[in-house]
Amino acid sequence: MFIWKGLVMKNIKFDYENNCFMPDETTDNVNDVKQWVELLIKVEKDKYKIYDENFGMDFSDIVSYRLPRSVQVSEIIRRLKRTILNGCDHVTDVRDFTFDKGTFTFTLITDLGEEVILHV
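As the structure is a computational prediction, the values presented were derived from the model and not from experiment.

What counts and what doesn't
Residues numbered from 1 in each chain as written. Predicted model: local features only at pLDDT ≥ 70, side-chain atom pairs only at ≥ 80, totals over all residues. Heavy atoms only, no water. Patch = residues over 30% accessible without salt bridge, like charges linked within 9 Å, V, L, I, M, F, W, Y side chains within 5 Å. Areas by Shrake-Rupley, 256 points an atom, 1.4 Å probe, with all protein chains shown as cover. Salt bridge = Lys/Arg side-chain N within 4 Å of Asp/Glu carboxyl O. Lys, Arg positive; Asp, Glu negative; His and termini not counted. Charge placed at Lys NZ, Arg CZ, Asp CG, Glu CD. Helix = DSSP H or I, 4+ residues; strand = E, 2+ residues; numbered from the N terminus. Buried < 20%, exposed > 50% of the residue type's maximum accessible area, 1.4 Å probe, protein only. Pairing = 2+ DSSP bridges. Axes fitted to C-alpha atoms, helices over the stretch in contact; angles between N-to-C directions. Contact = heavy atoms within 4.5 Å.

S.K.: I'm lost on a negative patch on the surface in this one. Help?
M.R.: There is a patch of like negative charges on the surface, built from Asp46, Asp52, Glu53 and Asp58. Note on placement: aspartate 46 falls in the loop between helix 1 (29-42) and helix 2 (60-63). Given the relative accessible area of 61%, aspartate 46 is considered exposed.

Listed below in structure tokens is the structure:
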């Protein structure tokens, strides 16, 4: 069960590799947080009416300009951290960012006392 913005939700596991829900499997608290953050990052902001205006990410303004790679990476990290901390009540910190060949890896610190490593 997962609480987001005061709503209690039961999460069905989603397989991001195969892009499908696994209806016979639910997630535990730590994997709920991980799955929620993955969805938050993968949804394009303001593209789908089902999500409110604060849900999702938008990097089009960063990628479309000819900014130095270090500036782009720094701004992406700043936006990821801000969006995750504001969008998921159970995440207390986002840290240890690394960037390699177009993939970010970082650690979520949850209020459940767990650390979750994500690769996006």
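S.K.: Sorry if this is basic, but what is going on with the pairing of strand 7 (residues 115-119) here?
M.R.: In the case of a regular strand, side chains alternate between the two sheet surfaces. Residues Val116 and Leu118 line the buried face of strand 7, whereas the alternating positions Glu115, Ile117 and His119 sit on a face that is not buried. As defined by bridge partners, strand 6 (residues 103-110) adjoins strand 7 across five bridges and the pair is classed as antiparallel. From the neighbouring strand, threonine 105 faces strand 7, where its bridge partner is histidine 119. Connecting strand 6 to the next strand, strand 7, in antiparallel fashion are four residues, including glycine 113 with a positive phi near 80 degrees.

S.K.: I keep staring at the sheet that holds strand 5 (residues 91-100) and nothing clicks. Help me out?
M.R.: Through backbone hydrogen bonds, the strands of a sheet pair up, either in parallel or in antiparallel fashion. Reading across the sheet, the three strands line up as 5-6-7 and stay open at both edges, with antiparallel pairing between neighbours. The open sheet is flanked by strand 5 and strand 7, the only strands paired with a single partner. Put simply, the sheet's adjacent strands are angled 20 degrees from each other on average, direction ignored. Two strands pair when backbone bridges link them, and strand 5 and strand 6 are joined in this way by seven bridges, in the antiparallel orientation. The residue bridging valine 94 from the neighbouring strand is leucine 108, located in strand 6. Of the strands in this sheet, strand 5, strand 6 and strand 7 are in contact with helix 1, which crosses strand 7 at around 30 degrees.

Remember that the coordinates give geometry; whether it matters functionally is a separate question.
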